[in-house]
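Next come the chains, spelled out residue by residue.
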Protein chains: 2
Amino acid sequence: MYAYLCSISWGEPSVKPENALYDTVIVRFSGEIGIKGEWTRRTYEKLVLRNVVKALHTEGFADAFVEPKRGRIYVKTEKAEAACERLTRVFGVSSVSPAKETTSSLMDIVQAALRLVEATVEDGASFAVRCHRVGSHEYSSMDVCRELGAQVQRQLEHKRLTVKLKAPDVAVTVEVRDEKAYVFTETFRGVGGFPLGAQAKTVCLLSGGIDSPVACWLAMKRGSPIVPVYFDNTPFTDEKATEKAVETARKLSDWASGSLRRMYIVPHGESLRQVTQKAPARLTCLLCKRIMYRVAECIADMEKAQGIVTGEAIGEQASQTMHNLRVLDEAATRYPVHRPLLAFDKTETEALAKRIGTFDVSTRRAKPCMAAPSKPATRAKLEAVKAAEEKLGVQELVDNALRKAVVLRL
Amino acid sequence: MYAYLCSISWGEPSVKPENALYDTVIVRFSGEIGIKGEWTRRTYEKLVLRNVVKALHTEGFADAFVEPKRGRIYVKTEKAEAACERLTRVFGVSSVSPAKETTSSLMDIVQAALRLVEATVEDGASFAVRCHRVGSHEYSSMDVCRELGAQVQRQLEHKRLTVKLKAPDVAVTVEVRDEKAYVFTETFRGVGGFPLGAQAKTVCLLSGGIDSPVACWLAMKRGSPIVPVYFDNTPFTDEKATEKAVETARKLSDWASGSLRRMYIVPHGESLRQVTQKAPARLTCLLCKRIMYRVAECIADMEKAQGIVTGEAIGEQASQTMHNLRVLDEAATRYPVHRPLLAFDKTETEALAKRIGTFDVSTRRAKPCMAAPSKPATRAKLEAVKAAEEKLGVQELVDNALRKAVVLRL
């Protein structure tokens, strides 16, 4: 087993909060990782571990001591409940449990469990005891269940708890790992996916809207570190749109375990002005997007990214009909355009945006793009689009935009 | 309002089942349609209507009479409950309710509602009455709620129902539409999305596996009629794989309201044999997929489709790392490759496959592809792939496969 100690505190954990209800977080790897081959699985587990450490580090869990052991990560911390909340948001984590560590002596396990049940389980609830054991001990897993179950009913009689083996209100769980044991009653679902860094980097088009941050987040969830690129349409929108995009990127960086620290702001107003003046109005959105794709490809070159991610969904806008997606795609010749929201309904995207935490920022009021035509093409002809681009001198627009692009530290 | 009568029975509904508990299904359009502009909304509503009629037609609801009215579709049928189940699977439908139609006289409404509550609401449940009214009547919506609520408590006293306005067990709902009224107590969620036919056609790569049918279904859910294409890898797989793919396509056609009637079977074994003999083993899967893309592009030409849909997800296979997706994408030069599952976790895809009904077929045992190398490239070099293709004479393999492709009627 690889060894990895948390960068926050080396050696033995400095704080041993004997009296705290919880002193440990048990972190489990996502199912996505479990189904991989040995080498990939180990690599991904190391990445999760690194990101767990980073996440705790950037959010001030100064006492945390992180230890990987037998397909789990154990985080020793006084603030186990707060750490749990944080760690459910680390990609590659399937679930976490706030737990109390004890020795593997059966008496210690029972004492710790009784204290936990007394404090956390509601009176009258049904319960079951579960035990997973690794190592050699004087007792079997069944012994633990039997003894603990009996003691809960005897010593906590006043709570009137009933045993229910199938679908109980509370599963009192004991994990025995060699000379240590962990007791817990709650498990919180993690975000799942692959650890950030498991896949190559992508350039993500990030607007101030609802969709694109969700697309960014989904790329991150599958392991890709992102480089957000915002196209500033001023004067066709106002500064509030830019503010929204920057704030959204900051919200996304909460999920990035410290790896998302900058974004590109590309001036796009001049390009858009040319489009509105020189090209057929009904093609505006398509031409606008195709210029964005081209700029994104150049940024992908600079960033050594492997693809472009957008928030487009089939039929979501006139420019995103199945027909027009083909017209758009044709502009990206060197990188694939990835559209994680391709088949999402708006309600599904909104629900995810709320969970991610970008919804409130995205729905804040800002001036909508004034360049959007009232009758956009839903089945544009590629030849017409290309003819318009020739007249516009698209490459020059792209070059100019890139020259004036700035990198913003988040 | 556009008028559209069901092709199954013209004129007045032939069957008037006075004594049936339900005689009507209320069909509501999905939220995706509601947010569109007027013209698009009407077009999409007409498509839903057409698909509702087709769905009923192909599944033997011979008595069904379909009528669109004020933002809803009303289906008159003796088999309202079975029709409900069927119509939740029509894309573009947000929900359905089995209902009893009455006149808009308050006394009739109360009588119908009492009968429905008597038969469907469990004793001791809490309930609320809701009323939506369109048209001019002698009573207000509030009058309906008050009168019906009072009558339920008086006449159905033996059921011991209690009024609970917020989150009741059952919402007894009355929809008054001019001279008619509909009473119901249950609403079932529909599949949502856009009506099939709202978007351009796509060519979908369909294997016997779990992922690709879900990707096909998601394309359909966003309105795209699909043309499934199966690549037959015999002798590297066996005939069971082909059987699985065909059966999966049939399962998908259950969702297609009659529009999915054929699939392409493309012989791919010879191409794969050449790849395994002449190219580096670690590139096998990438070369195999790139040939598939090229064949799919030719089929898209023939079918006048606008894109290619695959079941690829980031990192799901070695050939699907972010890096290798770029290598794959480069082979499709004329059509976009759409990957609706791009950011899905395996568990999410499996859950959806179960809901769609393809999971059981997909997980049936078949010989896995014997051409897959033990150490596939996860970061292949495009130049190496192109060099291997040159040696292979890819265009000839594509042409040969197309020549031997067959169209199978489902």
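Quick caveat: nothing in here was measured; it's all calculated off a predicted structure. (Residues numbered from 1 in each chain as written. Chains lettered and ligands numbered in written order. Predicted model: local features only at pLDDT ≥ 70, side-chain atom pairs only at ≥ 80, totals over all residues. Heavy atoms only, no water.)

### Some points on the interface of chain A and chain B
Filter applied, for reference: Contacts: residue pairs with any heavy atoms within 4.5 Å of one another. When two parts are put together, the accessible area they lose, computed with a 1.4 Å probe and summed over both, is reported as buried area. A pair is scored as a salt bridge if a Lys or Arg side-chain nitrogen falls within 4 Å of a carboxyl oxygen belonging to Asp or Glu. Each polar contact in these results corresponds to two N or O atoms within 3.5 Å; when the atoms are within protein, one needs to be able to donate a hydrogen and the other to accept it, and residues that are neighboring in sequence are counted only if both atoms are side-chain atoms. Only DSSP runs of H or I reaching four residues or more are called helices, and only runs of E reaching two or more are called strands; each is numbered from the N terminus. Classes in brief: Ala, Val, Leu, Ile, Met, Phe, Trp, Tyr, Cys and Pro nonpolar; Asp, Glu, Lys and Arg charged; the others, Gly included, polar.
Across the contact, 40 residues belong to chain A and 40 residues belong to chain B. When chain A packs against chain B, the two sides together hide about 3,300 Å² of surface, and 52% of this comes from carbon and sulfur. Broken down residue by residue, the surface that chain A buries against chain B is led by Arg222, Met322 and Arg326 of chain A, which jointly contribute 22%. At the junction of chain A with chain B, the criterion picks out six salt bridges. Residues Lys221 of chain A and Asp345 of chain B are paired through a salt bridge, measuring 3.6 Å at the closest nitrogen-oxygen approach. Linking chain A with chain B are 24 residue pairs in polar contact (both at pLDDT 80 or more), by the criterion used here. Of all the secondary-structure elements, those providing two or more residues to the side of chain A that touches chain B are helix 6 (211-221), helix 10 (322-329) and helix 11 (346-356) of chain A. With five residues, helix 10 of chain A is the largest single contributor of residues to the side of chain A that touches chain B. Grouping the amino acids of the side of chain A that touches chain B by side-chain chemistry returns 16 nonpolar, 12 polar and 12 charged.

### Remarks on the sheet that holds strand 13 (residues 308-309) of chain B
All names here are of chain B. Stated precisely, the cut-off is as follows: Two strands pair under a simple rule: DSSP has to find at least two bridges between them.
The mixed open sheet is built from six strands, whose spatial order is 14-13-10-11-12-15. Of all the strands in the sheet, the pair left with one neighbour each is strand 14 (337-338) and strand 15 (406-409). Here four bridges tie strand 11 (residues 226-232) to strand 12 (residues 262-267), and the two strands are oriented parallel to one another. Its bridge partner being in strand 12, Asp232 is matched across the sheet by Pro267.

### Here we look at the pattern of salt bridges
Quick note on the threshold: For every residue, the accessible area (1.4 Å probe, protein chains only) is compared with the maximum for its type, and the residue is labelled buried under 20%, exposed over 50%, or partly exposed between those bounds.
With the rule as written, the count across this model stands at 65 salt bridges over all chains. Put simply, Arg177 of chain A and Glu175 of chain A hold a salt bridge, and the shortest N to O gap is 3.6 Å. The exposure classification of Arg177 of chain A matches that of Glu175 of chain A, with both residues buried. A salt bridge links Glu348 of chain A to Lys221 of chain B, with the shortest nitrogen-to-oxygen separation between them at 3.1 Å. Of this pair, Glu348 of chain A sits in helix 11 while Lys221 of chain B sits in helix 6 (residues 211-221), on two different chains. Among the charged side chains, a network of salt bridges with common partners joins Asp23, Lys76, Lys100, Glu101 and Lys180 of chain A.

### Points about the domain arrangement of chain A
All names here are of chain A. Short version of the rule: Throughout, the edges of the domains are those of an automatic or database domain assignment.
Under the domain assignment used here, chain A contains domain 1 (1-100), domain 2 (105-178) and domain 3 (202-409). Relative to domain 3, the C-alpha centre of domain 1 lies at a distance of 36 Å. Domain 1 puts nine residues into the contact, and the matching count from domain 3 is eight residues. For the pair domain 1 and domain 3, the summed buried area comes to about 770 Å², and 56% of that belongs to carbon and sulfur atoms. Across the domain 1-domain 3 interface, the total number found is one salt bridge. Of the charged contacts, one joins Glu32 and Arg222 as a salt bridge, the two residues approaching to 2.8 Å between their closest N and O atoms. The element contributing the most residues to the side of domain 1 that touches domain 3 is helix 2 (residues 38-58), with four residues. Here the residues of the side of domain 1 that touches domain 3 sort into three nonpolar, two polar and four charged.

### Here we look at the nonpolar core
Stated precisely, the cut-off is as follows: Throughout, nonpolar core names a set of buried Ala, Val, Leu, Ile, Met, Phe, Trp, Tyr and Cys residues whose side chains join them through atoms within 4.5 Å.
Counting residues in each nonpolar core, the largest one holds 66 residues, and the members touching the most others are Trp217 of chain A together with Trp217 of chain B. When sequence neighbours within four positions are dropped, the list of residues in contact with Trp217 of chain B reads Phe91, Val191, Leu252, Trp255, Leu352 and Ile356 of chain B.

### Considering helix 4 (residues 106-120) of chain A
How we decide: By this rule, a helix spans an expected 1.5 Å times one less than how many residues it contains.
Along its 15 residues, helix 4 of chain A runs 21 Å from first to last C-alpha, staying within 8% of the 21 Å computed at 1.5 Å per residue. Turning to helix 4 of chain A, its buried residues number three or more, namely Ile109, Val110, Ala112, Ala113, Leu114, Leu116 and Val117 of chain A.

### Comments concerning the relation of the copies chain A and chain B
What counts is decided by this rule: Alignment of copies: least-squares fit on C-alpha atoms of residues with pLDDT of at least 70 in both copies.
Expressed as a screw transformation, the operator carrying chain A onto chain B has a rotation angle of 180° and an axial translation of 0.0 Å, and the superposed copies differ by an RMSD of 0.0 Å. Here the two chains are linked by the operation of a two-fold rotation axis. Among all residues of chain A, the one whose C-alpha sits closest to the rotation axis is Pro340 of chain A, at a distance of 3.3 Å. Comparing interface residues between copies, 100% of those in chain A also lie at the interface in chain B; the contact surface is shared.

### Digging into unusual backbone geometry
Omega for the peptide link from Thr234 of chain A to Pro235 of chain A comes to 10°, which places this bond in the cis form. As for its position among the elements, Pro235 of chain A is in the loop between strand 11 (226-232) and helix 7 (239-253). With a phi angle near 55°, Asp178 of chain B is a residue other than glycine that sits in the positive phi range. Along the polypeptide, Asp178 of chain B turns up in the loop between strand 7 (170-177) and strand 8 (180-184). Phi at Ser257 of chain B takes a positive value of approximately 45°, unusual for a residue other than glycine. Along the chain, the position of Ser257 of chain B falls in the loop between helix 7 (239-253) and strand 12. Owing to a relative accessible area of 4%, Ser257 of chain B belongs among the buried residues under this scheme.

### Thoughts on the packing of helix 9 (residues 284-303) of chain B against helix 14 (residues 394-404) of chain B
Residue and element names in this part refer to chain B. Quick reminder of the rule: As a rule, the C-alpha atoms of each element are fitted with a line to give its axis, helices using only the stretch in contact, and angles between N-to-C directions run from 0 to 180 degrees. Here is the rule for angles: anything less than 35 degrees is roughly parallel, anything more than 145 is roughly antiparallel, 65 through 115 is roughly perpendicular, and the remaining ranges are oblique. The handedness criterion is simple: a crossing whose near helix is rotated anticlockwise from the far helix by less than a right angle is left-handed, and one whose near helix is rotated clockwise is right-handed.
Packing of helix 9 against helix 14 brings their axes to within 10 Å, and their N-to-C directions diverge by 50°. Taken as axis vectors, helix 9 and helix 14 run oblique relative to one another. Where helix 9 crosses over helix 14, the handedness of that crossing is right-handed. Contacts between helix 9 and helix 14 pair Ile291, Arg294, Val295, Cys298, Ile299 and Met302 from the former with Val394, Leu397, Val398, Ala401 and Leu402 from the latter. Tallied by class, residues from the contact of helix 9 with helix 14 come to 10 nonpolar, no polar and one charged.

### Some details on the sheet that holds strand 10 (residues 202-205) of chain A
Residues and elements named next belong to chain A. Taken together, six strands build an open sheet; the order of strands is 14-13-10-11-12-15 and the sheet is mixed. Each edge of the open sheet is held by one strand with a lone partner, namely strand 14 (337-338) and strand 15 (406-409). Taken together, the four bridges between strand 12 (residues 262-267) and strand 15 define a ladder with antiparallel strand orientation. Following the sheet pairing, Ile265 is matched in strand 15 by Val406.

### Examining the pairing of strand 4 (residues 93-103) of chain B
All names here are of chain B. When you tally the buried positions in strand 4, you get nine out of 11 residues, the bulk of the element. Sheet topology note: the strand 1 (residues 24-29)/strand 4 ladder contains six bridges and is antiparallel. Each bridged residue has a counterpart across the sheet, and for Arg28 the counterpart in strand 4 is Ser95. Sheet topology note: the strand 4/strand 9 (residues 188-189) ladder contains two bridges and is antiparallel.

### Describing the packing of aromatic side chains
We count it as follows: Pairing of aromatic side chains here covers Phe, Tyr and the six-membered ring of Trp, requires ring centres within 6.5 Å, and sorts the geometry by plane angle: under 30 degrees stacked, over 60 edge-to-face, intermediate tilted. Charges are assigned to positions over rings by a cutoff of 6 Å between ring centre and Lys NZ or Arg CZ, combined with an angular limit of 35 degrees from the ring normal.
Following the criterion strictly, the structure yields 11 aromatic pairs over all chains and no others. Both rings, one in Tyr74 of chain A and one in Tyr182 of chain A, keep their centres 4.4 Å apart while their planes meet at 25°; by these two values the pair is stacked. Placement of Tyr74 of chain A in strand 3 (residues 72-76) and of Tyr182 of chain A in strand 8 (residues 180-184) is noted, with a sequence separation of 108 residues between them. This pair shows no difference in class: Tyr74 of chain A is buried, exactly as Tyr182 of chain A is. For the pair Phe344 of chain A and Phe344 of chain B, a centre-to-centre distance of 6.4 Å together with 90° between the ring planes defines the contact as edge-to-face. Taken as a pair, Phe344 of chain A in the loop between strand 14 and helix 11 and Phe344 of chain B in the loop between strand 14 and helix 11 (346-356) lie in two separate chains rather than in one. We note that Phe344 of chain A, like Phe344 of chain B, is buried. Through a chain of ring-to-ring contacts, three or more aromatic side chains come together here, namely Phe91, Trp217 and Trp255 of chain A. Over the aromatic face of Tyr74 of chain A sits the side chain of Lys69 of chain A, whose NZ or CZ is 5.3 Å from the ring centroid. Above the ring of Tyr335 of chain A, the side-chain terminus of Arg326 of chain B is found at 3.9 Å from the ring centroid.

### Digging into the side chain of Glu316 of chain A
Residues and elements named next belong to chain A. Take Glu316: it is sitting in the loop between strand 13 (308-309) and helix 10. Looking at Glu316, the relative accessible area reads 13%, which means it is buried. Side-chain polar atoms of Glu316 contact the side chain of Lys346, separated by 2.9 Å.

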